[in-house]
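Structure at a glance
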2 protein chains.
Amino acid sequence: MLPKALQNAIDALGALPGVGPRTAERYAYYLFRANKNLSDNISKSLENLHSGVKSCPVTFALIDGSEEVSPLYDDPTRDKTTILVVEEPLDIYAIEQTKGYHGTYHVLGGAISPIDGITPDQLHIKELLSRVENDKAKEVIIATNPSVEGESTALLLQKTLLEKYPKLKITRLARGLPLGVDLSYADQITLSAALENRTNL
Amino acid sequence: MLPKALQNAIDALGALPGVGPRTAERYAYYLFRANKNLSDNISKSLENLHSGVKSCPVTFALIDGSEEVSPLYDDPTRDKTTILVVEEPLDIYAIEQTKGYHGTYHVLGGAISPIDGITPDQLHIKELLSRVENDKAKEVIIATNPSVEGESTALLLQKTLLEKYPKLKITRLARGLPLGVDLSYADQITLSAALENRTNL
């Protein structure tokens, strides 16, 4: 019924996460009505997406297709003896924006989740162990998400790392109240952590 | 900071309506992680979007680039003496899905809105007047949206059409309670209309 080219665009955009048929229709119709540049930009950028981005073979961060290793690892000013472990590549950029971390990163590629079929051997744990060895790491900061999956991954990492390197310092991001959240809305676990880890004023 | 190809995709997808930087990031990262087919599909479909879709010169419905006139107008089984007037091309498909209408359509291309700078002469009203003449229309069904803009457009259309064709039958879609809405949540205008236009059981 709809023009074929429009229907094709609706179907293709409907594959985006969380985008249903109505939203896809809105996107496609908007792009049809808007300047051709908009749809051309999306079209071209997606064409180059897979060839232009790859995984760093050491840290598993996302890097330009032309780079060998992540610049955050290659940079000689960054402390290779501190490794911050995250679940997903984009988590790195959240930490980088704080401008308060000068060590290196390691991306696990997810968190243990039996429901989604993600087992420990699918995560880049072996590579983390070799890095601790090769870079003579002194501290591993575990920055998995504060979810059930993230917590169990953190526990497993701690166990695995300590078994092999008993002297390694293992830390994790602090739990506490985030900015702007009303005390009465905070959940119990967060509040308990905030109380337990209270700091001097 | 982010790989350039990924950043480009995020920027391009951020131009979609209602998509902020975080959503664009999620879309781009999802497409990067997913099968290359997904992004290729979007890329190709958007490439053909503008060349593959055009406006019907008579009804202003969206048609395939290869078609001359809208098939809904061309179809000899459709009653050309009844014209249903909508604001936007996609409204046609909503009406078509009821399978209860067998006349033809006319797309205004919007509704009068002084705030958005849409004046009556930007809408396809002149073309509607010629169609009433050419197709010897007996009835014009005004199906603009039940908004302030839609209502004022409907009033203007009524006035303009009657001035030129005093014998023309002009109708509009019924106002009343939609399915599944609790009576106590219905607004006053809808409820007044539903009461006034009550039907025999």
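Described in the following lines is the structure provided in the data block. (Residues numbered from 1 in each chain as written. Chains lettered and ligands numbered in written order. Predicted model: local features only at pLDDT ≥ 70, side-chain atom pairs only at ≥ 80, totals over all residues. Heavy atoms only, no water.)

1. Let's talk about the pairing of strand S4 (residues 103-107) of chain A
Residue and element names in this part refer to chain A.
- Across the five residues that make up S4, a large majority, five, are buried.
- Pairing geometry for strand S3 (residues 79-86) and S4, over five bridges, is parallel. In the sheet register, Val85 faces S4, and the bridge partner there is His106.
- Between the parallel elements S3 and S4, the chain passes through helix H6 (residues 89-96) in a crossover that is right-handed. (Buried < 20%, exposed > 50% of the residue type's maximum accessible area, 1.4 Å probe, protein only. Helix = DSSP H or I, 4+ residues; strand = E, 2+ residues; numbered from the N terminus. Pairing = 2+ DSSP bridges. Right-handed = clockwise from strand over helix to strand, strands pointing away.)

2. What about the relation of the copies chain A and chain B?
- Note on the copies: chain A fits chain B at an RMSD of 0.1 Å, the axial shift is 0.1 Å, and the rotation between them is 180°. The superposition operator between the copies reduces to a two-fold rotation axis. Across chain A, the rotation axis passes nearest the C-alpha of Ser43 of chain A, at a separation of 2.0 Å. (Least-squares fit on C-alpha atoms with pLDDT ≥ 70 in both.)

3. Some details on the pattern of salt bridges
- This model, assessed by the stated rule, comprises 13 salt bridges over all chains.
- One salt bridge in this structure joins Arg33 of chain A and Glu88 of chain B, with 3.0 Å as the shortest N-O distance. Highlighted residues: Arg33 of chain A in helix H2 (residues 21-33) and Glu88 of chain B in the loop between strand S3 (79-86) and helix H6 (89-96), drawn from two different chains.
- Close ionic contact of Asp40 of chain B with Lys36 of chain B constitutes a salt bridge, the shortest N to O distance being 3.2 Å. Here the residue Asp40 of chain B and the residue Lys36 of chain B both occupy positions in helix H3 (residues 36-47), the gap between them amounting to four residues, near one helical turn.
- Linked by salt bridges that have partners in common, Glu151, Arg172 and Arg175 of chain A make up one network. (Salt bridge = Lys/Arg side-chain N within 4 Å of Asp/Glu carboxyl O.)

4. What about the nonpolar core?
- Grouped together as the largest cluster of nonpolar side chains are 68 residues, with contacts concentrated most on Leu6 and Leu13 of chain A together with Leu6 and Leu13 of chain B.
- Once residues lying within four places of it in the same chain are set aside, the contact partners of Leu13 of chain A are Val19, Ala24, Tyr27, Ala28 and Leu31 of chain A together with Ile42 and Leu46 of chain B. (Core = buried A, V, L, I, M, F, W, Y, C linked by side-chain atoms within 4.5 Å. Contact = heavy atoms within 4.5 Å.)

5. What about the packing of helix H3 (residues 36-47) of chain A against H3 of chain B?
- One can describe the packing of H3 of chain A onto H3 of chain B by two numbers: an axis separation of 8 Å at closest approach and a directional angle of 150°. Of the possible angle classes, the one that applies to H3 of chain A and H3 of chain B is roughly antiparallel. Handedness of the H3 of chain A/H3 of chain B crossing: left-handed. Mapping the contact onto sequence places Ser39, Ile42, Ser43, Leu46 and Glu47 of chain A in H3 of chain A and Ser39, Ile42, Ser43, Leu46 and Glu47 of chain B in H3 of chain B.
- Among the residues forming the contact of H3 of chain A with H3 of chain B, the class breakdown is four nonpolar, four polar and two charged. (Axes fitted to C-alpha atoms, helices over the stretch in contact; angles between N-to-C directions. Parallel < 35°, antiparallel > 145°, perpendicular 65-115°, else oblique. Left-handed = near helix turned anticlockwise from the far one by under 90°. Nonpolar A, V, L, I, M, F, W, Y, C, P; charged D, E, K, R; others polar.)

6. Description of the interface of chain A and chain B
- Facing 48 residues of chain A, the contacting portion of chain B comprises 48 residues.
- Surface buried jointly by chain A and chain B totals about 4,700 Å² across both partners, of which 75% is contributed by carbon and sulfur atoms.
- Between chain A and chain B we count two salt bridges in total.
- Applying the counting rule to chain A against chain B returns 16 residue pairs in polar contact (both at pLDDT 80 or more).
- When residues of the side of chain A that touches chain B are traced back to their parent elements, those giving at least two are helix H1 (4-13), H2, H3, helix H4 (49-52), strand S2 (62-64) and H6 of chain A.
- Residues belonging to the side of chain A that touches chain B are distributed by class as follows: 30 nonpolar, nine polar and nine charged. (Buried area = accessible area lost by both parts, 1.4 Å probe. Polar contact = N/O pair within 3.5 Å; in protein donor to acceptor, adjacent residues only side chain to side chain.)

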